[in-house]
Amino acid sequence: MNARPAELTRATFDVERVRADFPILQIEVEGKPLVYLDNAASSQMPQPVIDRLVRYQSTEHANIHRAVHTLSERATAAYEEARVKLQRFINAPDEREVIFTSGTTEAINLVMHGYGRKFIKAGDEIILTTLEHHSNIVPWQMLAEETGAVIRVLPISDAGELCLDQFEPLFNARTRLVGMSHVSNALGSINPVKQMIAVAHRHGVPVLVDGAQAAPHMPVDVQDLDCDFYAFSGHKLCGPTGIGVLYGKAALLEKMQPFKGGGDMILSVSFEKTVYNAIPYKFEAGTPPIAAAIGLGAAVDYVSALGMDAIARHEHALLQYATGQLNDLPGLRLIGTAQHKAAVLSFTLDGIHPHDVGTLLNQEGIAVRTGHHCAQPVMTRFKVPATTRASFAFYNTMAEVDALTAGIRSVQKMFA
Amino acid sequence: MAASKALYQEVILDHNKKPRNYGTLEHPSHHAEGHNPLCGDHLHVALQLQDETIDRIAFHGESCAICKASASMMTAAVKGKTRADAQALTQEFLAMVTGKLDLSQPNQIGRLAVFAGLHDLPTRVKCAILPWHTLQAAFNSQGTASTEA
């Protein structure tokens, strides 16, 4: 596909109007208009979210759940309102099932400490996949080291798709948890999580879904998926850093032990006995990132107003166009060619190291990620030390795909 | 022209394509393995010291162009030098790429000055210094060097 499918997206999605909402997309890098293609690492923030943060700090800030004064009431209301916005965003049945964390990593660590350390014992098994980000590998290795639990890994195909036929045989009477990404950060593969959750549930095993790369790019319905836990980050979703969400089914959250101890997570404290607060507060010790949570609430309002379906369609058109353009470049190898993909293109260039590609593309104002993308098992699977990764968001354009293609051509010419 | 493009044209066209002293040495007196765990780059430096002078030196490995060119130019620069002179040059090189060397003062940098622009590219400084750290590890019989040690 070489022609730009502009009409396809223009009908439903006015990308130029959307771009006008993002101040940072107007800047220049190295004297060139910024082409920001590192959205899988972190996305940019639109003006309405920036404005919401300013309004909070200017007129609403105080500590929450504490004092009776006006500002504390305003801050508490805004914080809890953000929780409800997030609940609706993922269609969680109950706002108490939405726990604010510092991000996906902390959300997964919360499940490891709160659920894993209580219910996973020596000889028990945890199923992960080769596609996982280090944040959904390392906490489970730490648990396995501590408890003597065993990690089993579902492999992937040459296309970067999970080997589904090998999934069910991994289960046995000792399987206690499945941890899997909804979308691979390194390759973009969209995993059939709903189908896999059904398999796990047939064996009575709960499933934690790492949704960091899915929640910003497609509609997520935790009730439809029937996942037991779903984790994602704010800063990949046009929100601030330092905020994320763990969704968990109330019945599981209530059985779990707190992750961190401190204020706000208790009902009463004496040196003889401390009574923990109810969910979600049991898991939100200390003063949370109030502003960041409110900002994330504004961010999900923003993307919801654009429509997650419209976002997914626009990004899919970008993916199709970019895949065609990159496949036309001799010496370029796409890593990750799953049938169902998010708009992530990981690639290598013959004879050119990804770090050189990244530095030289930056000279053209193009921001891409290079390296192992915190997914070294994926790199090992494809026998590459690193890749260059272009990852798109809804504010990217077909013209930016052309800029990327031209940039790669010019790097290849330099190395020819 | 931007600093990095100028840098790349100087070093890549020559040393990345045709690295000097690329390969292995049989029975080296000193050798070490260098790793950059952040990007997966690794290289092996081996040398033969004869009366405290570097008689032969070779490197091989897998790395980006900046690292490979730095290794290539390093081996060319230190061959025939004494261990002490090679160590002094290493210190000057490290100072230069981190922007701490006054190039207007007398120095041994010579052609290595093409790497001076690196202090404008802080994310790539580690690529250039890995071969030099590995050389020091070889001298010290440490066996391995890492950019993250």
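Residues numbered from 1 in each chain as written. Chains lettered and ligands numbered in written order. Predicted model: local features only at pLDDT ≥ 70, side-chain atom pairs only at ≥ 80, totals over all residues. Heavy atoms only, no water.

### Some points on the environment of Lys 413 of chain A
Within the secondary structure layout, Lys 413 of chain A lies in helix 14 (residues 398–415). C-alpha separation for the pair Lys 413 of chain A and Gly 114 of chain A, spaced 299 residues apart in sequence, amounts to 53 Å. (Helix = DSSP H or I, 4+ residues; strand = E, 2+ residues; numbered from the N terminus.)

### Topic: the packing of helix 5 (residues 104–119) of chain A against helix 6 (residues 138–147) of chain A
All names here are of chain A. Running from amino to carboxyl end, helix 5 crosses helix 6 at an angle of 25°, the nearest separation of the two axes being 9 Å. Here helix 5 lies roughly parallel to helix 6, going by the angle between them. The interaxial crossing formed by helix 5 with helix 6 has right-handed handedness. Taken together, the residues of helix 6 that come into contact with helix 5 (itself represented by Ile 108, Asn 109, Val 111, Met 112, Gly 116 and Arg 117) are Pro 139, Trp 140, Met 142, Leu 143 and Glu 146. Of the residues assigned to the contact of helix 5 with helix 6, the class counts are seven nonpolar, two polar and two charged. (Axes fitted to C-alpha atoms, helices over the stretch in contact; angles between N-to-C directions. Parallel < 35°, antiparallel > 145°, perpendicular 65-115°, else oblique. Left-handed = near helix turned anticlockwise from the far one by under 90°. Contact = heavy atoms within 4.5 Å. Nonpolar A, V, L, I, M, F, W, Y, C, P; charged D, E, K, R; others polar.)

### Let's talk about the layout of surface pockets
Taken as a whole, the largest pocket spans an internal volume of roughly 510 Å³. Along its surface, the largest pocket is lined by 23 residues, and His 355, Thr 359 and Thr 370 of chain A together with Thr 123 and Arg 124 of chain B are the ones closest to its centre. Grouping the amino acids of the lining of the largest pocket by side-chain chemistry returns eight nonpolar, 11 polar and four charged. Each pocket or cavity is described by its volume, and for the second largest pocket that value is around 350 Å³. Lining the second largest pocket we find 21 residues, and of these Leu 349, Gly 351, Ile 352 and His 353 of chain A together with Glu 62 of chain B sit closest to its centre. For the lining of the second largest pocket, the secondary structure elements donating two or more residues are strand 14 (344–349) and helix 12 (354–362) of chain A together with strand 3 (53–62) and helix 2 (65–78) of chain B. (1 Å grid on protein atoms, 1.4 Å probe; cavity = no way out; pocket = protein on both sides within 12 Å on 5 of 7 lines; lining within 4 Å. Points joined across faces, edges and corners; volume = space filled by probe spheres on them.)

### Description of the environment of Gly 331 of chain A
Take Gly 331 of chain A: it is sitting in the loop between helix 11 (308–327) and strand 13 (332–335). Placed 130 residues apart in sequence, Gly 331 of chain A and His 201 of chain A show a C-alpha to C-alpha distance of 44 Å.

### What about helix 6 of chain A?
Residues and elements named next belong to chain A. Among all positions in helix 6, only Pro 139, Trp 140, Leu 143, Ala 144 and Thr 147 are buried. End-on view of helix 6: buried residues confined to an arc of 140°, all on one side of the axis. As for helix 6, its buried residues are in contact with helix 5, strand 5 (125–129), strand 6 (150–154), strand 7 (175–181) and strand 8 (207–210). One or two steps after helix 6, the chain reaches Gly 148, where phi turns positive at roughly 85°. (Buried < 20%, exposed > 50% of the residue type's maximum accessible area, 1.4 Å probe, protein only. Arc of directions from axis to C-beta.)

### Things to note about the packing of aromatic side chains
Residue and element names in this part refer to chain A. Enumeration according to the criterion identifies 16 aromatic pairs over all chains in this entry. With centroids separated by 5.3 Å and ring planes inclined at 70°, the aromatic side chains of Phe 394 and Tyr 395 adopt a geometry described as edge-to-face. Residue Phe 394 shares its accessibility class with Tyr 395, and that shared class is buried. Joined through ring pairs, the aromatic side chains of Phe 13, Phe 22, Tyr 302, Phe 394 and Tyr 395 make up one cluster. One cation-aromatic arrangement involves Arg 381 over Phe 382; the distance from NZ or CZ to the ring centre is 5.5 Å. (Phe/Tyr/Trp six-rings, centres within 6.5 Å; stacked < 30°, edge-to-face > 60°. Lys NZ or Arg CZ within 6 Å of the ring centre and 35° of its normal.)

### Digging into the environment of Val 153 of chain A
Residues and elements named next belong to chain A. Turning to its location among the elements, Val 153 is positioned in strand 6. A sequence separation of 58 residues divides Val 153 from Gly 211, and the C-alpha atoms of the two residues are 19 Å apart. If we skip the residues at most four places from it in the chain, Val 153 touches Leu 128, Thr 129, Thr 130 and Leu 170.

Keep in mind these numbers describe shape, not what the thing actually does.
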